[in-house]
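Structural description and commentary
Below are the chains, spelled out letter by letter.
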Number of protein chains: 2
Amino acid sequence: MTRKNEQMTEALSPYCAVYSRAIEIIGRRWTGAILRALMAGRTRFNDIAKTVPGLSDRLLSERLKELEAEGIVARAVTPSTPVRVEYALTEAGEALVPVVCTVAGWAETWLPLPAPEKTA
Amino acid sequence: MTRKNEQMTEALSPYCAVYSRAIEIIGRRWTGAILRALMAGRTRFNDIAKTVPGLSDRLLSERLKELEAEGIVARAVTPSTPVRVEYALTEAGEALVPVVCTVAGWAETWLPLPAPEKTA
């Protein structure tokens, strides 16, 4: 590898690493739908769950924990009786919503939809 | 599942399918870099290869074939001697570049960069 190529690889590698991580985050099944539910103002676990049909409580809990660990979702606990738990997008999370929508917009415009199944 | 939830699932499922496919396309290793090379006006295999250090010819060939199959890249063969092969973004491909850049922009702003390795 030439010195010039080495420099280019050095410049490119960190970029590729964060890009791949971003794709991994927004590519996880349900994450887009959960972010949209939070963006629409759902803050309680059950409200988010209702907005995303087909998503099990176990998976929603897992995704919320992952998003919290990534700094995308913040979890706030109010010590009332019963304890009130609320979820909200952080600044990074708010910034991620248009990213997800851009991907979704391209997909809707350019990828063929699967044929709808006829129901009686 | 209630009737309302069923309707929502029906509305959501095709959306999720195309979204997942879009993420799969832009998430493949090297695809972002290849699209950027094409956007920057590289049309020949060797020129694209030079722009993306670390990418092997075998993988570049594989990625270009995939992008062609997805309708994102068009391959044009001019029957000269030697045969001239050129690659270009289709309309769907042009529309995909800002999507990749939006993801990259979010990643650069919000994801911590891996610590650079010191070289002598």
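Worth saying up front: this structure is predicted, and the values here are computed from it rather than measured.

We now examine the interface of chain B and chain A. With 36 residues of chain B in contact, the opposing surface of chain A contributes 37 residues. For the pairing of chain B and chain A, the buried interface totals around 3,800 Å² over both sides, and the portion due to carbon and sulfur atoms is 77%. At the junction of chain B and chain A, the tally comes to zero salt bridges. Counting across the interface, chain B meets chain A through four residue pairs in polar contact (both at pLDDT 80 or more). Listing elements by their share of the side of chain B that touches chain A, those giving two or more residues are α1 (3–27) and α5 (91–110) of chain B. Considering every element that reaches the side of chain B that touches chain A, the biggest residue donor is α1 of chain B, with 15 residues. Grouping the constituent residues of the side of chain B that touches chain A by class yields 27 nonpolar, five polar and four charged.

For the pair chain B and chain A, the relating rotation is 180°, the translation along its axis is 0.0 Å, and the fit reaches an RMSD of 0.0 Å. One copy is carried onto the other by what is essentially a two-fold rotation axis. Within chain B, the C-alpha atom positioned nearest to the axis of rotation is that of I23 of chain B, 3.5 Å from it. Interface overlap between copies is the fraction of interface residues in one copy that are interface residues in the other; for chain B against chain A it reaches 100%, indicating a shared surface.

The next subject is α5 of chain B. Here α5 of chain B contains 20 residues, and its C-alpha end-to-end distance of 30 Å stays within 8% of the 28 Å for a straight helix at 1.5 Å per residue. When α5 of chain B is considered as a whole, its buried residues turn out to be A92, G93, L96, V97, V99, V100, V103, A104, W106 and A107 of chain B.

The next thing to look at is the packing of helix α2 (residues 31–39) of chain A against helix α5 (residues 91–110) of chain A. Residue and element names in this part refer to chain A. In the contact formed by α2 and α5, the axes pass within 10 Å of each other and the chain directions differ by 125°. Comparing their axes, α5 and α2 come out oblique. As for the relative orientation of α2 and α5, their crossing is left-handed in sense. When α2 is examined against α5, the residues G32, L35, R36 and M39 are found in contact with a partner set consisting of E94, L96, V97 and V100. Its residues assigned to classes, the contact of α2 with α5 comprises five nonpolar, one polar and two charged.

The next thing to look at is the confidence of the model for chain A. Low pLDDT means the predicted coordinates in that region are not meant to be read closely. Residue and element names in this part refer to chain A. Residues at a pLDDT of 70 or more form 82% of chain A, whose mean pLDDT is 84. Within chain A, helix α4 (residues 57–69) carries the highest mean pLDDT (96), whereas helix α1 (residues 3–27) carries the lowest (67). Below a pLDDT of 50 lies the segment residues 1–12, which in the model reaches eight contacts outside its immediate sequence neighbourhood of four places, other chains included. This prediction of the complex comes with two scores: 0.77 for pTM and 0.79 for ipTM.

To continue, consider the environment of L89 of chain A. All names here are of chain A. For L89, the location among the structural elements is in strand β2 (residues 84–89). On a C-alpha basis, the gap between L89 and M39 in space is 7.3 Å, while along the polypeptide they are 50 residues apart. In contact with L89, not counting residues within four places along its chain, are L35, L38, M39, I72, V73, E94 and V97.

A few words now on the environment of V99 of chain B. Following the sequence through the fold, V99 of chain B ends up in helix α5. Remark: the alpha-carbon pair of V99 of chain B and A22 of chain B, spanning 77 residues in sequence, is separated by 10.0 Å. Once residues lying within four places of it in the same chain are set aside, the contact partners of V99 of chain B are T102, V103 and W106 of chain A together with I26 of chain B.

The rules we used
- Residues numbered from 1 in each chain as written.
- Chains lettered and ligands numbered in written order.
- Predicted model: local features only at pLDDT ≥ 70, side-chain atom pairs only at ≥ 80, totals over all residues.
- Heavy atoms only, no water.
- Contact = heavy atoms within 4.5 Å.
- Buried area = accessible area lost by both parts, 1.4 Å probe.
- Salt bridge = Lys/Arg side-chain N within 4 Å of Asp/Glu carboxyl O.
- Polar contact = N/O pair within 3.5 Å; in protein donor to acceptor, adjacent residues only side chain to side chain.
- Helix = DSSP H or I, 4+ residues; strand = E, 2+ residues; numbered from the N terminus.
- Nonpolar A, V, L, I, M, F, W, Y, C, P; charged D, E, K, R; others polar.
- Least-squares fit on C-alpha atoms with pLDDT ≥ 70 in both.
- Expected span 1.5 Å × (residues − 1).
- Buried < 20%, exposed > 50% of the residue type's maximum accessible area, 1.4 Å probe, protein only.
- Axes fitted to C-alpha atoms, helices over the stretch in contact; angles between N-to-C directions.
- Parallel < 35°, antiparallel > 145°, perpendicular 65-115°, else oblique.
- Left-handed = near helix turned anticlockwise from the far one by under 90°.
- pLDDT = per-residue confidence, 0-100.

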